[in-house]
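# Observations on the model geometry
Letter by letter, the chains look like this.
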There are 2 protein chains.
Amino acid sequence: MTRLFNDPAAFSEDMLTGFLDAHAPYVTGVPGGVVRAQQTPPGKVAVIVGGGSGHYPAFCGIVGRGFADGAVVGNIFTSPSAREAYTVARAAASDAGVLITSGNYAGDVMNFTAAAEQLVAEGTDARVLFVTDDIASAPVEETDRRRGVAGDFVVFRIAGAAAEAGYDLDGVEDLARRANSRTRTLGVAFSGCTLPGAGAPLFTVPDRRMGVGLGIHGEPGVAEADLPSAAELAAQLVDGLLAERPPECSGRVAAILNGLGATKYEELFVLWATISRLLAEHGLTLVEPEVGELVTSLDMAGVSLTLTFLDDELETLWCAPTDTPAYRKGIARLAPDDRTQARIPKAPVIAQTDTAGIPSASPASRQAASTAARALEAMRATLIDSADELGRIDAVAGDGDHGRGMVKGVTAAVEAAAPLVERGAGITTLLSAAGDAWAAKAGGTSGALWGAGLCAAGASLTDSAPTVTAEDVVGAVRTGLKAVSALGKAAPGDKTLLDAAVPFADALEASLRGGADLHTAWSEAVDVAQAAALATAELLPRVGRARPLAARSIGTPDAGAISYALCARSALSAMTKEQVG
Amino acid sequence: MTRLFNDPAAFSEDMLTGFLDAHAPYVTGVPGGVVRAQQTPPGKVAVIVGGGSGHYPAFCGIVGRGFADGAVVGNIFTSPSAREAYTVARAAASDAGVLITSGNYAGDVMNFTAAAEQLVAEGTDARVLFVTDDIASAPVEETDRRRGVAGDFVVFRIAGAAAEAGYDLDGVEDLARRANSRTRTLGVAFSGCTLPGAGAPLFTVPDRRMGVGLGIHGEPGVAEADLPSAAELAAQLVDGLLAERPPECSGRVAAILNGLGATKYEELFVLWATISRLLAEHGLTLVEPEVGELVTSLDMAGVSLTLTFLDDELETLWCAPTDTPAYRKGIARLAPDDRTQARIPKAPVIAQTDTAGIPSASPASRQAASTAARALEAMRATLIDSADELGRIDAVAGDGDHGRGMVKGVTAAVEAAAPLVERGAGITTLLSAAGDAWAAKAGGTSGALWGAGLCAAGASLTDSAPTVTAEDVVGAVRTGLKAVSALGKAAPGDKTLLDAAVPFADALEASLRGGADLHTAWSEAVDVAQAAALATAELLPRVGRARPLAARSIGTPDAGAISYALCARSALSAMTKEQVG
């Protein structure tokens, strides 16, 4: 929802004040909107875009060289008045005429047409063009009733680039009409936006559902469907648009995958990965596609896919340099970096770890490796079950990623370990590979610590030892702990996994000295570790955490200590199936 | 929340696939992240940035000329592993050394330091730098414990621009450290983001509250406060940062007003309007400020303000050209438009309407003007009360802006009318000014229609008439209707305000012919208009609406017809206080 405003009724004016201040080198305010800071030179057509606000960077953000000469800025989702359109066009116009263009909405059509009529009455050649790219808003036999959505961006861009390139008004208008006739958009919405000061969103979409055929003014979709996977949605959007592929299409297309506001760049890229592949499978060649937020609708959640079927002239204009507050391209073309043109090779530049040669191992070491692999599998099952809870604990003072990171790491370790067991690897080889995989795949603090710990524990043993004793196991646990402590620069009491791991090692060693077998000793040590992990709730964290967050985390145990205790308990289940001690 | 994904566990990889495809001219994938598509030339320092993903355009979006040479890309909000940092740095490094830099988080510090150590062991000079700009995360005497948030962007940019400019590794590192020591950020959060596939947000903020001192990995804030106005928040952010203004500060500052994801550009500009004014009042000069989404946190709602206190060297680098997938500047500088350098004048270029000369008016016309002004005031009160309900009705098939647009328009009309009544204006002057003001201020479809209707109604009367009869009033209503019908190209039955207005005019005329006085006739006509407005629920809209939306609106009356009937009833209350007929 929109949260930052002063007087909701003055939202658009306040927005414009800030926009003009932030982008003063590009734009100047005039009554009704903005124009470029530099006057339109004689002989250049002025392209005026516009409509209601709430769609940034559309429309004031695209005023600049190679794009619009002026933007009429209405209130949120509301057409500017005829007078506003007139005053902006008047301020931007030179002697070569004006194209005024917007999406096809009744208010914009009415007001922009009236503005053009007034200009014509005064002797300035003025034309209007209303974009009709939204295929969901009317059937194909009534394209002139369709509304304009993200296709606005392409059509305005073609018109602006044509005017910059020196086309006359007939030429600019013709190209804009051609671009409009070859542009199709299909969108979906996941949630509605809330206007400044309004008590409720313009519309809502049920959880796990989506509205198909959204409008960029918060108009609801034309149908509703279950929320699909990204790959399924990509197919729906591509199929929908290609059903209207023009027969004269050359196969080269401009594309915009547009985020409406709250559907973020990472999601757009996930979706784009499949869209790009599908378009290629349909024989289409993408030309400088855009993936990002170009025509938004405040913080509405949703996306749209726009395709423009190019010819040579449209392609040249789509790719032309432009420099505006929110959209810039062409620097590299203007001033190529001639120091090197060598491309980085596409193939991975680092050789993968060679797993062909496995050191030969003693039966005892191989049995220990087998036990360790099963322990990792048991840990993995436990961590998957506990991931959400660990995330919640971690979120109190941290970033909430502990559970997911541990699952990533242990999964990588299991996958590295399993084939090694089959191929007869010893415990050192196995733990080293598992630790490397854990650290590489999990990342994060815990990934680095667990990776280092496993590798160090493995290095304290050998592949060739005739036996692996309980004392060897304690030694491995201790060595792993030392590596964790050295890497993390933490000590017991700092609210880290050491607060569970050190009591665990101490208890394990004490029980063994007292005569217990490894399984019994391990079991007793797990109880100690669990109690110690819970007791970290009383501690203050030390490393990498801000003091105020530390205070907040009092009363919550450390996620790393908890997961250590959980892993230690899981490992026990692997041992029960095996003779140990 | 994050809605678009396939396998949540593969989200980062899928994101990277789409990103690399969309930006192939800029970047190439390598194990662990991305590097520039062109190899780093001999003699150039490589700047490697990174951290967890989920912050786009940070960090892979800023790989390119004038910025980073490579980005290490971890899982969402999770540090990449040491090996990933190593492989990216190795792929990007030439012969002049590597600076590896990230925000100051335990995992990143651990892994990036290990990667640098490995590079050094292999004979490549490698340094690390961890950004500490977040003033909320630790007190000023412990700045090395602070975490890195949006200040990452400034520090990485300075390092990247310095490397591009040919500084050696010592120089790049020194500049990056200087930039870090002069960069401060303070942020607030309004709602938490939800990781792909997670069932709940990382944290929540109560409605109408905000968390102060947010972290960009979804860490909660360090304090909670009531949601302030934009102007109040601007003051809080500026005051917080200027409390740590370095003594050596020249007064020139780079600034980033950063949106976290769901707090949109329009809101940022509203906030920026006050921030910019306050910084100027503190004697600071802004240098190429950035207002937008530069370091996000998925769809978290929130903002942060970053200030970097510049010296000449830092300013040159901050302003240097750059060309990356998501951040580009310097085109104008590289290729200035020499056709004209004339600046558009800052003052309005269109003369405002001259209200000095008011045509003289007869007593009857002045009394009619006074009645009309009171009717507008009554309409305004009613429309304010009904705005939300009208918006909800309009949202069924439209964009939900009808109520707000009507209030904007009628308010402008009231404000235009009141001084004219005091100055003795007649009914034609008054209705014309009110109509112009309505159309200019409200915009939208209804603004254009009401403006045209009022102007036409006024023009059917005169300022000088000795009497204003009931027949004159009917004539004015009819003339206004004709103007609305002509402009909107609609007819009765099209589900527009005409469906209330035409029955209203017919009933008014019939009652008067039947001998009723104007007040009685108007009252009866209002009842007819109201019934007709409600009956529009059975109609299909005609203009500017997509067919599927039309179907959806069956059962809901037209908002324009309803508001017409409401306005007609309000006008009656103005007449009851006056002798009419």
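Presented here is an overview of the structure given in this document. (Residues numbered from 1 in each chain as written. Chains lettered and ligands numbered in written order. Predicted model: local features only at pLDDT ≥ 70, side-chain atom pairs only at ≥ 80, totals over all residues. Heavy atoms only, no water.)

Next up on the list: the overall build of chain A. Scanning chain A from terminus to terminus reveals 18 helices and 15 strands. Of all 581 residues assigned to chain A, the portion counted as buried reaches 63%. For chain A, the proportion of contacts with a sequence separation of at least 24, taken over those separated by at least 6, is 73%. About 19,800 Å² of surface is accessible on chain A, with carbon and sulfur atoms providing 54% of the total. Here chain A contributes 46 positively and 68 negatively charged side chains, and the mean placements of these two sets differ by 4 Å. (Helix = DSSP H or I, 4+ residues; strand = E, 2+ residues; numbered from the N terminus. Buried < 20%, exposed > 50% of the residue type's maximum accessible area, 1.4 Å probe, protein only. Contact = heavy atoms within 4.5 Å. Areas by Shrake-Rupley, 256 points an atom, 1.4 Å probe, with all protein chains shown as cover. Lys, Arg positive; Asp, Glu negative; His and termini not counted. Charge placed at Lys NZ, Arg CZ, Asp CG, Glu CD.)

Before going further, it helps to spend a moment on the interface of chain A and chain B. Taken together, the contacts link 143 residues of chain A with 142 residues of chain B. For the pair chain A and chain B, the summed buried surface comes to about 12,200 Å²; carbon and sulfur atoms form 57% of the total. One salt bridge connects glutamate 293 of chain B with lysine 264 of chain A, and the closest N-O pair in it is separated by 2.7 Å. Scanning the region where chain A abuts chain B turns up 45 residue pairs in polar contact (both at pLDDT 80 or more). For the side of chain A that touches chain B, a count of residues per class yields 69 nonpolar, 37 polar and 37 charged. (Buried area = accessible area lost by both parts, 1.4 Å probe. Salt bridge = Lys/Arg side-chain N within 4 Å of Asp/Glu carboxyl O. Polar contact = N/O pair within 3.5 Å; in protein donor to acceptor, adjacent residues only side chain to side chain. Nonpolar A, V, L, I, M, F, W, Y, C, P; charged D, E, K, R; others polar.)

Another aspect to go through is the packing of aromatic side chains. The final tally for this structure, using the stated rule, is 24 aromatic pairs over all chains. Pairing phenylalanine 269 of chain A with phenylalanine 19 of chain B gives two aromatic rings, centres 5.4 Å apart and planes at 85°, and the pair type is edge-to-face. Here phenylalanine 19 of chain B lies in helix H1 (residues 11-22) and phenylalanine 269 of chain A lies in helix H7 (residues 265-281), a pairing that spans two chains. Under the relative-accessibility criterion, phenylalanine 269 of chain A is labelled buried at 1%. Aromatic rings pair up to connect Trp438, Trp450, Phe504, Trp522 and Tyr564 of chain A into one cluster. Over the ring of phenylalanine 67 of chain A we find arginine 157 of chain A, and its NZ or CZ is 5.8 Å from the ring centre. (Phe/Tyr/Trp six-rings, centres within 6.5 Å; stacked < 30°, edge-to-face > 60°. Lys NZ or Arg CZ within 6 Å of the ring centre and 35° of its normal.)

Turning to the sheet that holds strand S1 (residues 27-30) of chain A, a few remarks are in order. All names here are of chain A. Pairing is mixed in the open sheet, where six strands are placed in the order S1-S2-S4-S3-S5-S6. The sheet is open, and its two edges are formed by S1 and strand S6 (126-131), each paired on a single side. For this sheet the average axis-to-axis angle between neighbouring strands, irrespective of direction, equals 25°. Where strand S5 (residues 98-103) and S6 come together, six bridges link them in parallel fashion. Its bridge partner being in S6, threonine 101 is matched across the sheet by leucine 129. In this fold helix H1 (residues 11-22) packs onto S1, strand S2 (33-36), strand S3 (46-53) and strand S4 (70-76), with an angle of close to 145° to the strand it touches most, S4. (Pairing = 2+ DSSP bridges. Axes fitted to C-alpha atoms, helices over the stretch in contact; angles between N-to-C directions.)

Residues and elements named next belong to chain B. Taken together, the six strands give an open sheet; going across it, the order is S1-S2-S4-S3-S5-S6, and neighbouring strands pair in mixed fashion. What marks the edges here is a single partner per strand, and that holds for strand S1 (27-30) and strand S6 (126-131). Direction aside, neighbouring strands of the sheet carry axes that sit 25° apart on average. Contacting strand S3 (46-53), strand S4 (70-76), strand S5 (98-103) and S6, helix H3 (residues 106-121) runs over the sheet at an angle of about 165° to S6. Each of S3, S5 and S6 is contacted by helix H5 (residues 169-181), which is oriented at about 10° to S6, the strand it contacts most.

When chain A is fitted to chain B, the best match, at an RMSD of 0.1 Å, comes from turning it 180° and sliding it 0.1 Å along the axis. Such a combination of turn and shift is consistent with a two-fold rotation axis. (Least-squares fit on C-alpha atoms with pLDDT ≥ 70 in both.)

What follows deals with the pairing of strand S7 (residues 183-191) of chain A. All names here are of chain A. When you tally the buried positions in S7, you get nine out of nine residues, the bulk of the element. Pairing between S7 and strand S8 (residues 209-212): two bridges, direction antiparallel. Each bridged residue has a counterpart across the sheet, and for valine 188 the counterpart in S8 is valine 212.

Turning next to the environment of alanine 89 of chain A. Residue and element names in this part refer to chain A. On the secondary structure map, alanine 89 appears in helix H2 (residues 82-92). With a relative accessible area of 0%, alanine 89 lands in the buried category. For alanine 89 and valine 140, which are 51 residues apart along the polypeptide, the C-alpha to C-alpha distance reads 32 Å.

Time to look at the side chain of glutamate 173 of chain A. All names here are of chain A. Relative to the helices and strands, glutamate 173 is located in helix H5 (residues 169-181). Residue glutamate 173 is classed as buried on the basis of its relative accessible area, which comes to 13%. Not counting residues up to four positions away in its chain, the partners in contact with glutamate 173 are Leu99 and Arg127.

Attention now moves to unusual backbone geometry. Alanine 58 of chain A connects to phenylalanine 59 of chain A through a cis peptide bond whose omega is 5°. Along the polypeptide, phenylalanine 59 of chain A turns up in the loop between S3 and S4. The omega angle of the peptide bond from tyrosine 56 of chain B to proline 57 of chain B is 10°, so this bond is cis rather than trans. For lysine 495 of chain A, which is not a glycine, the phi torsion comes out positive at approximately 60°. Structurally, lysine 495 of chain A can be placed in the loop between helix H14 (470-488) and helix H15 (498-513). Residue classification places lysine 495 of chain A among the buried positions, given a relative accessible area of 6%. In this structure, leucine 298 of chain B takes a positive phi of about 45° despite not being glycine.

Turning our attention to the pairing of S5 of chain B. Residue and element names in this part refer to chain B. The buried count for S5 comes to six of six residues, which makes it a mostly enclosed element. Pairing of S3 with S5, which is carried by five bridges, proceeds in the parallel orientation. By the bridge assignment for S5, valine 49 is matched with threonine 101. Regarding topology, H3 serves as the crossover connection from S5 to the parallel S6, and that connection is right-handed. (Right-handed = clockwise from strand over helix to strand, strands pointing away.)

A word on the packing of helix H11 (residues 402-422) of chain A against helix H12 (residues 427-442) of chain A. All names here are of chain A. Interhelical geometry of H11 versus H12 gives an angle of 145° and a closest axis separation of 7 Å. For H11 against H12, the interelement crossing comes out right-handed. Of the residues in H12, those touching H11 at Gly405, Met406, Lys408, Gly409, Val410, Ala412, Ala413, Ala416, Ala417, Leu420 and Val421 are Thr429, Leu430, Ala433, Ala434, Ala437, Trp438, Lys441 and Ala442. Tallied by class, residues from the contact of H11 with H12 come to 14 nonpolar, three polar and two charged. (Left-handed = near helix turned anticlockwise from the far one by under 90°.)

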